[in-house]
Structure formats: C-alpha cells, structure tokens
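The residues making up each chain are set out below.
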Amino acid sequence: MSDWPEGTGRAEGPGGTGSGGADHGDGQEPVAWSGPEGARAFASVEAATDWLLGYPFVFRALARWVGDGSVLVDYGCGPGKVADHGARLLGAKVLGVDTSPEMLALARGAGTAVAEFHLVTDGRAACLADGGADAVMCNHVLASLPTEEAVLSVFREIRRILRPGGPFVLLATDPACSGTEYASLSIGEAGAAYGPGDELPVRLRRTDGSWQVMPNHAWPVDFYPALLERAGFTLLVQHRPTVEEALGIPGLVDPDLAAGRGWAAERAGPPLVITTALAV
C-alpha cells in the first residue's frame, strides 16, 4: 500500500487556493497545498487512515463500472500513487490530472508508474474530450477549495469529461469530526464548528511520527449533493466506511496495515465519507 496521500489542492477551481492558515501543533506554520514546498511536504506523509477507510472503498465502488479497457480519471491526482494503484487493481487505463506541475513531476518520475499524468490548466483537463472518461475519482481535493463556486467549477469539469451514465466517486473528510486525532490525520480544533468554506487546519502524520500542518477549507458532507445535482449528476449515494466494514471484507485492506494499529479513534467516529453519483 502507498504511504502517499491525495488531497493536495491540485484540481482547484477559479480563484485558486490560499496558502495561509492558523498555526496548529508543534508551533509549525502551515505549508501551502501546492508548489514545490507542498510537494516536498507530502513526500513524507503516511495516510494510514485513508488506506483503511478511504481508497479501498473508492476502488470497491469503481469496480462495479471499471475494468479492462475503461478510462478512469483521477481528478487531482497529486503524486500519483493512488492513480497508479487504481490502474493495477482495476485493470483500467488511468489518467491522473492535476494543476500542480511539481506533483505531476513526482508522479511521472515514479519508476513503477503505469498511469498517465496530465496538467489541468485554467480549470480544464484539456487532455480529455467531452465524455472521454468512463469513470472519475476525486480524493480529498475539495478541502483545498475556498468557495462554493470553485467546488461547483470542479464538479462541472468532471461532468464534462464523463460519459453519460459514468460514475463519479468522491472521497472527503467530514469537518464535523474536527478535533479528533486519528491514526494519520486530525482536522480543525476541538470544540470548533465550521461552516461551508471556513478555514480550518489539517494535521497529517509523517512517517517519522511527527505532524505536518496544511491549510484546509471545511465543506460539510451534506453540502455536496445539491452542488452535484446542479453540475449534472444524479442517483447520489453517500457512505461512511467503518473499521468493522473495512476489516470484515476479505482482501479489501492491506493486512499489515489493518493489523498494525488499534484504530480506536476511527472506530469511535469514522471521519471519511464517500459520495457516488452518475453523470446525467
């Protein structure tokens, strides 16, 4: 399993993303989601919670529609490890698209890469014609977007590249889980309430056990359905994976990862939500 996260703010909408945010933990200043500094920061993040309760369920949802010969797009692919894993697992042709040249350089430089990687410019994935994708996944990207219009813009571009009836699978962290320290992440401040678009810090655990602070924006999970419908999606379903579900499905999760932790916080309040919708 990969130790790289997604959600580096690469598939941003109009207006871009800010690099500021409150200091949180160990006196560290937050690192911007994009650019050379952001790429370096993400090289050392482990993403254990995502590999337990996030990405395996994204792949499981996509497997209903994706197989040999299918074109799957990872919108906001970052350094490409999730895109590459999806290509190997699902047998699809995977295209990772991203606004960050630095992240794409990391993706293309991986010696084992089997996915293809392309730049998003001015909010458009020019490498794809209208309806050119059979399926799209988007992992943790929306937390980097500062406005409702930016989120809607991403949804509309994803709808443009999807064929009618194609699935869109969205992975996001629930800001209502703020203040809890999970195995590899902690968002927001304990006791704080965040409205749509509010700034909040996210802390991501590095492989050495220390924490990296990144700026974020709060988008409650019940905020997505109405915007997805406006963008041209239907048949929306939301699912919050649990530890019991992850460990109870044979072969879903890397066994070493599953056995390596107690997952107490994830059991008490699972922080990740998967939204699935179909293009109209």
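Just so it is clear, the model here is predicted, and its values are computed rather than measured. (Residues numbered from 1 in each chain as written. Predicted model: local features only at pLDDT ≥ 70, side-chain atom pairs only at ≥ 80, totals over all residues. Heavy atoms only, no water.)

### Some words on the pairing of strand S5 (residues 167-173)
Buried residues dominate S5, accounting for seven of its seven residues. A two-sided burial pattern is seen for S5, the buried positions comprising Pro-167, Val-169, Leu-171 and Thr-173 on one face and Phe-168, Leu-170 and Ala-172 on the other. Where strand S4 (residues 135-139) lies against S5, four bridges are found, and the strand directions are parallel. Across the sheet, the residue bridging to Met-137 is Val-169, located in S5. With helix H6 (residues 148-161) bridging S4 and its parallel neighbour S5, the resulting β-α-β unit is right-handed. Relative to strand S10 (residues 272-279), S5 is paired through seven bridges, and the arrangement is antiparallel. Paired with Pro-167 across the two strands is Leu-278, which belongs to S10. (Buried < 20%, exposed > 50% of the residue type's maximum accessible area, 1.4 Å probe, protein only. Helix = DSSP H or I, 4+ residues; strand = E, 2+ residues; numbered from the N terminus. Pairing = 2+ DSSP bridges. Right-handed = clockwise from strand over helix to strand, strands pointing away.)

### Focus: the confidence of the model for the chain
Scored by pLDDT, the chain comes out at a mean of 87, with 84% of its residues at no less than 70. Taken as a whole, residues 1-27 scores under 50 in pLDDT and shows 102 contacts with residues more than four places along the chain or in a different chain. (pLDDT = per-residue confidence, 0-100. Contact = heavy atoms within 4.5 Å.)

### Remarks on the nonpolar core
In terms of nonpolar packing, the biggest core is built from 39 residues, with Leu-52, Leu-62 and Leu-72 touching the most fellow members. Here this core takes six residues from helix H3 (residues 55-62), the largest share from any one element. Apart from residues no more than four positions distant in its own chain, Leu-62 is found in contact with Leu-72, Leu-90, Ala-135, Val-136, Met-137 and Val-169. (Core = buried A, V, L, I, M, F, W, Y, C linked by side-chain atoms within 4.5 Å.)

### Quick notes on the packing of H6 against helix H7 (residues 224-231)
At a minimum axis separation of 9 Å, H6 and H7 run at an interaxial angle of 50°. Regarding the angle of H6 to H7, the classification is oblique. Handedness of the crossing formed by H6 with H7: right-handed. Contact with H6, carried on its side by Glu-148, Val-151, Leu-152, Phe-155, Arg-156 and Arg-159, involves Tyr-224, Leu-227, Leu-228, Arg-230 and Ala-231 of H7 and no other residues of that element. For the contact of H6 with H7, the class distribution of residues is seven nonpolar, no polar and four charged. (Axes fitted to C-alpha atoms, helices over the stretch in contact; angles between N-to-C directions. Parallel < 35°, antiparallel > 145°, perpendicular 65-115°, else oblique. Left-handed = near helix turned anticlockwise from the far one by under 90°. Nonpolar A, V, L, I, M, F, W, Y, C, P; charged D, E, K, R; others polar.)

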